[in-house]
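Descriptive analysis of the structure
Chain residues, written in single-letter form:
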Amino acid sequence: MLSRVRRARTGLRRSCPRKSPQRRTPPEKEPIPALQELKSVAAGDPTAALCRLLSSSDPALHDYPACSSLLYRLARARLFPELEALLLFVRSRRIPCKDSLFSALIRHFSRASLPDKALGLFLSIPSFNCPPGSPSTQTFNHLLDSLVDNGRHDEAESLFSRSSDFGLRRNHVSYNVILKGRLQRLGKDDGFAYARQLFDEMRKRGIGPSVVSYNLLIGFLTKNNNLSKAMDLKEKMIREGTYPNAVTYAILMKGLCSSDNYAAAKKLMFDMEYNGCKTKLVNYGVLMSDCRRRGDMEEMRKLFAEMRIRRMKPDDVIYSILINSFCTNGGVRDAYKVFVEMQVKGKFRPNAAIYRMMVDGFCKAGEFEKGLGVLNAMLASGHYPRVKTFECLISWLFEGGRVREICFLFEEMEKMKKGLALDVWHSLVKTVCLKCDDFADLLCELTSMAFVEDEENTFHHLHPP
DNA sequence: GGGCATCGAG
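This structure is a prediction, so every number in the text was calculated from the model and none was measured. (Residues numbered from 1 in each chain as written. Chains lettered and ligands numbered in written order. Predicted model: local features only at pLDDT ≥ 70, side-chain atom pairs only at ≥ 80, totals over all residues. Heavy atoms only, no water.)

For the rest of this paragraph, the subject is the overall build of chain A. Along its length, chain A carries 25 helices and two strands. Every one of the 465 residues in chain A was classed for burial, and the buried ones make up 44%. Roughly 25,600 Å² of accessible area belongs to chain A as shown, and the carbon and sulfur atoms make up 53% of that amount. (Helix = DSSP H or I, 4+ residues; strand = E, 2+ residues; numbered from the N terminus. Buried < 20%, exposed > 50% of the residue type's maximum accessible area, 1.4 Å probe, protein only. Areas by Shrake-Rupley, 256 points an atom, 1.4 Å probe, with all protein chains shown as cover.)

Let us now look at the packing of aromatic side chains. A full pass over the atoms with the stated rule returns 12 aromatic pairs. Here the aromatic rings of F339 and Y355 are separated by 5.8 Å at their centres, their planes lie at 70 degrees, and the arrangement is edge-to-face. Here F339, found in helix α19 (residues 332–344), pairs with Y355, found in helix α20 (residues 352–364); they are 16 residues apart in sequence, far enough to count as distant. For F339, a relative accessible area of 5% translates into the label buried. Taken together, the aromatic side chains of Y336, F339, Y355 and F362 make up a single cluster linked through ring pairs. (Phe/Tyr/Trp six-rings, centres within 6.5 Å; stacked < 30°, edge-to-face > 60°.)

Mapped onto the present numbering, the UniProt feature "repeat: PPR" (unreviewed entry) falls on residues 136–170, 171–209, 210–244, 245–279, 280–314, 315–349 and 351–385. What you have in residues 136–170 is 63% helix and 0% strand, and the ends, taken at the C-alpha atoms, are 10 Å apart. Its end C-alpha atoms 10 Å apart, residues 171–209 is made of 79% helix and 0% strand. (UniProt positions renumbered as here; feature names shortened; annotations may be inferred.)

Now for the protein's contact with DNA strand B. Around DNA strand B there are 42 residues in total, and K39, S69, Y72, R107 and N215 lie nearest to it. Across the atoms of DNA strand B situated within 4 Å of the protein, the share located in sugar and phosphate is 41%. A distance of 2.9 Å is found between a base oxygen of DNA strand B and a backbone nitrogen or oxygen belonging to I32. Contact between DNA strand B and K180: a phosphate oxygen at 2.9 Å from a side-chain N or O atom of the residue. Ranked by residue count, the leading element in the surface near DNA strand B is helix α4 (residues 64–76), at six residues. Residues belonging to the surface near DNA strand B are distributed by class as follows: 18 nonpolar, 13 polar and 11 charged. (Near = heavy atom within 4 Å. Polar contact = N/O pair within 3.5 Å; in protein donor to acceptor, adjacent residues only side chain to side chain. Nonpolar A, V, L, I, M, F, W, Y, C, P; charged D, E, K, R; others polar.)

So, about helix α15 (residues 262–274). The terminal C-alpha atoms of α15 lie 19 Å apart, and with 13 residues this matches the ideal 18 Å at 1.5 Å per residue to within 8%. All of the buried residues along α15 are Y262, A265, L268, M269 and M272. In a view along the axis of α15, the buried residues occupy a sector of 110 degrees, so they form one face of it. Among the exposed residues of α15, those oriented more than 90 degrees off its buried face are A263, K267 and Y274. Summarising the contacts, the buried residues of α15 are in contact with α13 (227–239), α14 (246–258), α16 (281–294) and α17 (297–309). (Expected span 1.5 Å × (residues − 1). Arc of directions from axis to C-beta. Contact = heavy atoms within 4.5 Å.)

Attention shifts here to the nonpolar core. Core analysis: the biggest nonpolar cluster contains 127 residues, and L86, M288 and I323 have the highest contact counts within it. Per element, the largest residue contribution to this core is eight residues, and it comes from α14. (Core = buried A, V, L, I, M, F, W, Y, C linked by side-chain atoms within 4.5 Å.)

The subject of this paragraph is the packing of helix α12 (residues 211–223) against α14. Taken N-terminus to C-terminus, the directions of α12 and α14 make an angle of 0 degrees; their axes are 9 Å apart at the nearest point. Classified by the angle between their axes, α12 and α14 sit roughly parallel to one another. Here α12 contributes V211, N215, I218, G219 and T222 to the contact with α14, which in turn contributes V247, T248, I251, L252 and G255. The residue makeup of the contact of α12 with α14, split by class, is five nonpolar, five polar and no charged. (Axes fitted to C-alpha atoms, helices over the stretch in contact; angles between N-to-C directions. Parallel < 35°, antiparallel > 145°, perpendicular 65-115°, else oblique.)

Before going further, it helps to spend a moment on the environment of D316. Here D316 shows up in helix α18 (residues 316–328). With a relative accessible area of 37%, D316 lands in the partly exposed category. Considering only alpha carbons, one finds D316 and Q343, 27 residues apart in sequence, at a separation of 9.7 Å. Setting aside residues up to four positions removed in sequence, D316 forms contacts with F348 and I354.

Okay, the packing of helix α2 (residues 33–44) against helix α3 (residues 46–55) next. Contact geometry for α2 and α3: axes closest at 6 Å, N-to-C directions at 145 degrees. Contacts from E37, L38, V41, A42 and G44 of α2 reach α3 at P46, A48, A49, R52 and L53. Split into classes, the residues belonging to the contact of α2 with α3 amount to seven nonpolar, one polar and two charged.

Another aspect to go through is the side chain of H153. Along the chain, the position of H153 falls in helix α9 (residues 153–161). Beyond its immediate chain neighbours, meaning those up to four positions away, H153 contacts L147, V148, G181, Q184 and R185.

Here we come to the confidence of the model for chain A. The pLDDT averaged across chain A works out to 85; a share of 83% of its residues lies at or above 70. Per-element confidence in chain A is highest for α14, whose mean pLDDT is 97, and lowest for strand β2 (residues 459–461), whose mean pLDDT is 39. Contacts of residues 1–23 to residues separated by more than four positions or lying in other chains number 11 contacts, the stretch itself having pLDDT below 50. In the model, residues 450–465 has pLDDT below 50 throughout and makes 37 contacts with residues more than four positions away in sequence or in other chains. (pLDDT = per-residue confidence, 0-100.)

Turning our attention to a nonpolar patch on the surface. Where nonpolar side chains cluster on the molecular surface, the patch consists of Y336, V340 and V344 and spans about 250 Å² of accessible area. Position of V344 relative to the elements: it lies in helix α19. (Patch = residues over 30% accessible without salt bridge, like charges linked within 9 Å, V, L, I, M, F, W, Y side chains within 5 Å. Salt bridge = Lys/Arg side-chain N within 4 Å of Asp/Glu carboxyl O.)

To continue, consider unusual backbone geometry. The omega angle of the peptide bond from S134 to P135 is -5 degrees, so this bond is cis rather than trans. Even without glycine at this site, K347 takes up a positive phi of about 60 degrees. Here K347 lies in the loop between α19 and α20.

See below:
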């Protein structure tokens, strides 16, 4: 009986043997050399690829696959003037575009804190050669979200109320974005009242609050120290016909952890399974983050082992929590093991934050040689450390008289348009003065390059040796 | 023959 209830709640069906559908192999497509070449150029130098595309007369480059792939590439590289130039080209040539391209570009503008560009692009969609029905509600929602995330609440609400002007019907996601924006600005009581009012409106329109709507409100309550009300709401949402999911439980578990009740959070993770909701990585992530906060590495290891037993494959966030925990709790070598496992076993490429944790972890532990090794990998993958990290490693290399590596790091700092702080230079000079004549030669070598002081009181290295 | 696929969470 219980298993039937659980299946009904989770929407799972009893597994039954099914014939696997006959898979047809897609027909072989002729490779398009011009497109392949453009993509390989774009991988190294997106601007050069743009020049090639604009100056070419090859019709293969003046088509959606070539233009969209380059638009995505330019967006990722945050080369927005170049991206806009290509958009003008696409529009003037009436190249057919998909609506999803605009969604993605709006998102890129938003992440780069360019909400005006996002809005401008959305409004210009009808002037492109798009399929009927563009822009879609999904693209509209991306725009609403980009405005809310950039603090442009009034514009988001104004657009939301004028959705019909664009021939669009708002859906539950549109409502949730607006709810998220309002809850960011309202206090305890007003936020709750507003949400109830919005939920009623959603029901009247036949949309109904979704699990995300409830999660937003539950999260709002836990952040406002109203954990018991949040727990009550979880029960109420079930009565109102919406079942909590792993995120709902994660939000509540985080609330319990924040009020120093780790044991209750862990118990809730077991209870959710009993209630028919499958535990996900996010639930383990909440517990592991709390272990990191409390420095409880033993429990952290237990949780990680338990995940393994349950055959849950860690994702990049879980790896990041582990690496961070080991680095901040004096286990940099364990952190490095996880860092390697993440790449070899997990097939994840470390992001800038993970590289920074690792390099800084090694520097903090005095293992500069290893820190330098990770730094090299970091720079090779196009990520940069903090200036303080450069300073720390340069000071250490200075002690060892490793001029070539110091110069390499200076060149990398130059790319970031950064320089050493004045106090770091002072300490380097002091080191030289305390050492023998060889070090004085080293100082001459390094300072033979021209430096200029800027308003931030840092020296910019003007001429790389 | 194009990609990142809306909103909540670690």
